[in-house]
Amino acid sequence: MTQTILGANGQIAIELARELRRSYTDDLRLVSRNPRKVDAADRVVSADLLDAEQTAKAVAGSEIVYFTAGLPANTHLWETQFPTMLRNALGAAEAAGAKFAYFDNTYMYPQDDRVQTESTPFAPVGRKGRVRADMATMVLDEIARRDIPALIARAPEFYGPGRTQGFTNSLVIDRIKAGKTPLVPVRADRARTLIWTPDASRALAALGNAPDAYGQTWHLPVDHSHPTYREFVHMAADTFGAPDRYTVIPKWALTAIGTVSPQVREIRELLPRYAHDNVFDASKFAERFPDFRITTYREGLGAIRAESADRPDPAGHR
C-alpha cells in the first residue's frame, strides 16, 4: 500500500513518516519542494503543491494521501497559496482514487470559553482563521460529495521535542532550557490544551489506516488534564530543575510589539484565545481507539529534558 505525505519536511510529517513505516506500510512516499528521507527506504518526490500537474504526478499510484503542508506565519502567503495547495492535493487524490487525510488546526474556532468538539461551529477572528475555515470547508464539501474518502484530523496548539514550533515551546520550554524566565501570553490562570506532536502524528496515521474513520472530523488525542500556564510552568521548572517563575505578557504589550515586529503581528489574531480557558475535547478519538497511549504533560516534558541532555547546545555545552 503506497502512502504519500504531502508537505513532508515538517515536524508532524517527520513523526508521521516514522509511524507509518513502523506500523502500517513499507511503501512510503515523501513529497515537498525539497523532500528529505526520514528512513533510508523512503521514496522522495520533489513537487510544488502550487502546481496541479506536479502534485498529480507526485500522488499518482497512492492509496492514502496525507496533507500536512505548512506555510510561514504570513497572512498573504496563507491567503494566496494555502487554498490552492489543498485544492491541488484533493484533485490529485481524486485522480489517483486515493483516500485523503487532512491535518488541520483550530484557528477557525471561536476564541472563547466553550469546550471545543468536532461539531463546534467556525467563527474565525482574523484573516488566517478565515483561510483555515475555508480550507476545512473545502474538505467537508469533498466529504459531502463522496468523490473520495476523506477525513479531517484537527489538533490544538503544539508542544513537543525537536524543532516543534509553537507559543509554548518558544516562550516557555525553550526559555527554561536557556536559563531564562518563561513568558506567558495574556493570562497564566486559564486552562490550556496542548498536543504532544508525536501523539498527533501517531493518531493521524491511525486514522488514515482506519477505513471507518473517513467521512468525519476527528479531534486528535490530548492529555485531558488541561493545566493552566501557571501549572504547566511549574511542571516544566520541576522537570528541568529551574526556578518556578514566569512573566505574563499582557495583550496590550503584545499588540504594541506587533506594530514593530512582523512575527508578533502575524499572531495577534490568536491573542483573544489566551484570555479564556481553552478546552479541546478528544473523547471521540478515545472511544474509537481506546488502546491509544496518550503522552502526559509530565512525560512529554521529561522527554524534552532527556533530549536536551543528549544534545549539545550551540555553545558546545551539554
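About the criteria used
Think of each chain on its own: its residues are numbered from 1, step by step along the sequence as written. Whole-chain, interface and lining totals are the exception, using all residues; otherwise, since this is a predicted model, local features are given only for residues with pLDDT of at least 70 and side-chain atom pairs are given and counted only at 80 or more. Each side-chain value is worked out from all heavy atoms of the structure, with water and hydrogens disregarded. UniProt positions are given in the numbering used here, feature names are shortened, and annotations may be inferred rather than shown by experiment. Helix and strand labels come from DSSP, where a helix needs a run of H or I of at least four residues and a strand needs a run of E of at least two; each type is numbered from the N terminus. The aromatic pairing rule takes the rings of Phe, Tyr and Trp, using the six-membered ring of Trp, and pairs them if the centres are within 6.5 Å, calling planes under 30 degrees apart stacked, those over 60 edge-to-face and the rest tilted. Think of it in three bands: with a 1.4 Å probe and only protein chains considered, a residue is buried below 20% of the maximum accessible area for its type, exposed above 50%, and partly exposed in between. Counted as salt bridges are all cases of a side-chain nitrogen of Lys or Arg within 4 Å of a carboxyl oxygen of Asp or Glu.

Naming follows an unreviewed UniProt entry, where the chain appears as SDR family oxidoreductase of Gordonia cholesterolivorans.

Draft legend 1. Broad picture of the UniProt feature "domain: NAD-dependent epimerase/dehydratase" (unreviewed entry) in the chain. Per the UniProt record, "domain: NAD-dependent epimerase/dehydratase" (unreviewed entry) is found at residues 5–213. Summarising residues 5–213: 41% helix, 17% strand, and an end-to-end C-alpha distance of 18 Å.

Draft legend 2. Just unusual backbone geometry, in detail. A positive phi angle is found at Val186, which is not glycine, with a value near 75°. Here Val186 shows up in the loop between strand E8 (183–185) and strand E9 (194–196).

Draft legend 3. Examining the packing of aromatic side chains more closely. With the rule as written, the count across this model stands at 14 aromatic pairs. Here the aromatic rings of Trp78 and Phe82 are separated by 5.2 Å at their centres, their planes lie at 75°, and the arrangement is edge-to-face. Of this pair, Trp78 and Phe82 both sit in helix H3 (residues 75–96), four residues apart, which is roughly one turn of the helix. Here the two residues Trp78 and Phe82 agree in accessibility, since each one is buried.

Draft legend 4. Examining the pattern of salt bridges more closely. Evaluated as defined, the whole model comprises 22 salt bridges. When the shortest N-O distance is used, the salt bridge between Lys57 and Glu53 registers 3.5 Å. Note that Lys57 and Glu53 are positioned in helix H2 (residues 52–59) at a spacing of four residues, about one turn of the helix. The class for Lys57 is exposed, based on a relative accessible area of 61%. For the salt bridge of Arg288 with Asp212, the shortest nitrogen-to-oxygen distance reads 2.8 Å.

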